[in-house]
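Chains, contacts and geometry: an overview
Each chain is listed here by its residues.
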Protein chains: 2
Amino acid sequence: MTELKDQVSKGTDGFLGVPALRQSASGAIVALAAPSWIERRALRKLLTLMGNPPVRFVLWNGEHVSASASPECRRVLIHDRRTLWQLVINPDLHFGDAYSRGALDIEGDLTGFLEVINRARRDASRLSPLLSALLSRRNRARPNTLAGSRSNIHHHYNLGNEFFQLWLDEEMVYTCAYFPTTTLTLEQAQFAKLDYVCRKLRLQPGDTVIEAGCGWGALARYMAREYGVKVRAFNLSAEQVRYARERAAAEGLGRNVEYIEDDYRNISGQCDVFVSIGMLEHVGRDNYRNLGGIIDRCLAPAGRGLIHSIGRDQPCPMNAWIERRVFPGSYPPTLREMMDIFEPWGFSVLDVENLRLHYAKTLEHWLGRFEARQDEVRERFDEDFVRAWRLYLAGSMAGFTTGWLQLFQVVFTRPGSNKIPWTRDHLYAHRT
Amino acid sequence: MTELKDQVSKGTDGFLGVPALRQSASGAIVALAAPSWIERRALRKLLTLMGNPPVRFVLWNGEHVSASASPECRRVLIHDRRTLWQLVINPDLHFGDAYSRGALDIEGDLTGFLEVINRARRDASRLSPLLSALLSRRNRARPNTLAGSRSNIHHHYNLGNEFFQLWLDEEMVYTCAYFPTTTLTLEQAQFAKLDYVCRKLRLQPGDTVIEAGCGWGALARYMAREYGVKVRAFNLSAEQVRYARERAAAEGLGRNVEYIEDDYRNISGQCDVFVSIGMLEHVGRDNYRNLGGIIDRCLAPAGRGLIHSIGRDQPCPMNAWIERRVFPGSYPPTLREMMDIFEPWGFSVLDVENLRLHYAKTLEHWLGRFEARQDEVRERFDEDFVRAWRLYLAGSMAGFTTGWLQLFQVVFTRPGSNKIPWTRDHLYAHRT
């Protein structure tokens, strides 16, 4: 009976040629009817819209639907009829939901599969933008009003510090690391990133810094400790702020680092340096100009700043499943859209760097560490949560490896300020 | 009589307290009436619109008008009534014309004066964008149709190679140089720039390169000679193309460098690398998307490119005098506007660098060399031409030192190409 239940819950028996079974609402085991010609046709249409990736849908009764006969095809196991129709109707949203609840499985390497899908979709969107738009139905991000942002941020970042501690580095840096060489450990690469950002900002002892969206506070602590600056760091997540404060106190940095649980829109006071690492994704497209206005209000006459954000080559809504289930309200901007922060206020952009492959590498580390601790995650949450987070991490990694996602670091300064570096040599002449 | 004629033509005797004199159309020497209260008031209004710079207008009869009583005021000598009214009506256009024909003089360092003006205007535009807009009346750039571009380019670049040879470096590079250290000679800094661009493009022997807007061909020759690539370089200026061809032939580079006298819109064929240094300023705002389409048509799947252009922090028409008298059809874009080249075609921006202080340094060299050869220029053209070019070079230098102008180098690649550098270290580890 346990075996039968396993079969039913996974719904994979159809592959063995046995009629598919399913547990009904009443608890009875029922056989699933074979897929109809309409269902097979709908799946083939979906493959066409996806740019005919080398993918084979394997249905609950063992039947196959694919765009190519290649034996290289990656197999997607669809365990029931409802999942098939959900995929056909809104693949971007329901692929993630179905995978999370185990109604759909991917054979082999998940990241590799998602890379194959991304590449096919890019080619399809070049050939037929209209069909492609049909596929990725516009997902309207949840609004980032003051209350909306608080709720959006709470959704993700208040899952519990202990959860993130399972697989992040020791400093709890939850943004793209910087790998001067690819063999660095995650810990080393996160420190390298923190220092790279400080070098780009040309921090001097005594500088005052405002950080918008400080996570668990690693950058603020690093800046104060290594560069002797005073940091006021803002964050909406109560859990993160509590952790950051405790840690700064324990490290004796309390005098130079202040963590403030508040929205970036409420930032006040003056600073020499404005920095924001991985917050812009949560700001929302309509608020970039306002964010620039806040920087304009804060920044000293020769002030400078850096914005680090996930981005895009072309405008595109966030993947519906990520936006709904993982990061409500999130939107990665294009460089042109990011200019809404700077241009209306006349800030001068000095340097833009795209570090997307570094984010892919960071995610590879996170995914590996997450998988190694999955039993503890499962115990804390459940299997669906483990699967959802695996998909989110693997999907993000595939996003960066295939160039669906970018990572922009933009360095800017007050217009006309000549307190700017003569060249970028100093970024690569490492401190001794 | 010669002395009197000098006095009259310069019209500066008024400063000595003697009634101002002027030569009438009939050739008679007539005294200029003293400025009226309306004229003094109009000049004071002009100073207000300019943000009250520390400037003193000194009129033909020796009267002064200034916004401040500071003895630090820079003196602008206005030699006649017509010039006063032209300045009041359209200062951006007529300042340059009046300076060129000698109807207006600036005491002391010209670049320093223009810097003072730029800084005051920036402050004024922050305080009162509307008043500021009134001052810099919209100048509509001449259209860059196929015929228009040919005429626009001819206007500037066909002044004669011998003229530019008087004050450019030996390779005849007429774009921003790169000074790894500020003590480099202009020759060294232009070579440093050529090599920096090649490193940013990661040229490999055998690569095919298309260059749009090649000037006198220095970059194409350098690429072929130093990196073993094959270059097809496009340019609308017949004089420049002739020079470039002769020089490539003399250097034995004819097999690997082809100079084509044609518009960038007629570029055809494939390439691994697309590069354009200092052409975008002449392309015109409405044509950026088309330029991107041409790159999209040419570039290989893992192709990469670089666009180098004068730019702005905020959209603003080109100074009317520069656009009408020096560079017809020119417009320096903001970074956001430049994204029209890349975003519609999904190109991925990897790196943006702002090198405006390097252009200021380049112009300092050009201006010094131009002044040293001014007698030869005067002989070739006339005094008005010398004064116009002095103003153009000094004004451009002041534009870059005060941040009215930027210099952007944008490196891009095909979307999703992972043949991209892991870090930017290679740009600063110089070739041996």
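Everything numeric here is computed off the predicted structure, so don't read it as measured data.

What counts, and where the lines are drawn
- Residues numbered from 1 in each chain as written.
- Chains lettered and ligands numbered in written order.
- Predicted model: local features only at pLDDT ≥ 70, side-chain atom pairs only at ≥ 80, totals over all residues.
- Helix = DSSP H or I, 4+ residues; strand = E, 2+ residues; numbered from the N terminus.
- Buried ≥ 20, exposed ≤ 12 C-beta atoms within 10 Å, placed from the backbone.
- Contact = placed C-beta atoms within 7 Å.
- Pairing = 2+ DSSP bridges.
- Axes fitted to C-alpha atoms, helices over the stretch in contact; angles between N-to-C directions.
- Nonpolar A, V, L, I, M, F, W, Y, C, P; charged D, E, K, R; others polar.
- Least-squares fit on C-alpha atoms with pLDDT ≥ 70 in both.
- Core = buried A, V, L, I, M, F, W, Y, C linked by C-beta atoms within 7 Å.
- Domains from an automatic or database assignment.

The helix and strand inventory of chain A stands at 18 helices and 13 strands. Taking all 432 residues of chain A together, the buried fraction comes to 49%. Across chain A, every contact between residues at least 6 apart in sequence was considered, and the portion connecting residues at least 24 apart equals 70%.

Moving on: the sheet that holds strand β6 (residues 104-106) of chain B. Residues and elements named next belong to chain B. Overall, mixed pairing links the four strands, which are arranged β4-β3-β5-β6 in an open sheet. Each end of this open sheet is capped by a strand with a single partner; those strands are β4 (64-66) and β6. The mean inter-strand angle of the sheet, taken between neighbouring strand axes irrespective of direction, is 20°. Here three bridges tie strand β3 (residues 55-58) to β4, and the two strands are oriented antiparallel to one another. In the sheet register, R56 faces β4, and the bridge partner there is S66.

All names here are of chain A. By secondary structure assignment, the location of A220 is in helix α10 (residues 218-227). Of the residues examined, A220 has 30 C-beta atoms within 10 Å and is grouped as buried. Note: C-alpha distance between A220 and Y259 (39 residues apart in sequence) is 8.8 Å. Not counting residues within four places of it along the chain, the set of residues in contact with A220 comprises E211, C214, V231, A233 and V257.

What follows concerns the interface of chain B and chain A. Counting from both sides, the interface comprises 31 residues of chain B and, opposite them, 32 residues of chain A. In terms of residue count, strand β12 (residues 348-354) of chain B provides more of the side of chain B that touches chain A than any other element does, seven residues in total. Of the residues in the side of chain B that touches chain A, the class split is eleven nonpolar, twelve polar and eight charged. Where strand β12 (residues 348-354) of chain A lies against β12 of chain B, three bridges are found, and the strand directions are antiparallel.

As a further point, take α10 of chain A. Counting buried positions along α10 of chain A yields eight of ten residues, so the element is predominantly enclosed. If you follow the buried residues of α10 of chain A, they end up packed against α9 (186-201), β7 (208-212), β8 (230-235), α11 (238-250), β9 (257-261) and β10 (271-277) of chain A.

Next up on the list: the relation of the copies chain B and chain A. Mapping chain B onto chain A calls for a rotation angle of 180° and an axial translation of 0.0 Å; the resulting RMSD is 0.0 Å. With respect to symmetry, the two chain copies, as superposed, fit the operation of a two-fold axis. In this assembly the copies share their binding face: 100% of the residues contributing to the interface of chain B also contribute to that of chain A.

On to the nonpolar core, then. It is characteristic of soluble globular proteins that their nonpolar side chains tend to be buried jointly. Judged by nonpolar contacts, the single largest core of 246 residues is most densely connected at M223 of chain A together with M223 of chain B. In this structure M223 of chain B touches C198, L203, V209, V229 and V231 of chain B, once residues within four positions along its chain are discounted.

Residue and element names in this part refer to chain A. Here chain A is partitioned into domain 1 (2-135) and domain 2 (146-428). Once you take the C-alpha centre of each, domain 1 and domain 2 turn out to be 35 Å apart. Facing the 16 residues of domain 1 at the interface are 18 residues of domain 2. Taken together, the elements giving at least two residues each to the side of domain 1 that touches domain 2 come down to α4 (91-101) and α5 (110-127). The greatest single-element share of the side of domain 1 that touches domain 2, amounting to eight residues, is contributed by α4. Here the residues of the side of domain 1 that touches domain 2 are counted per class, giving five nonpolar, six polar and five charged.

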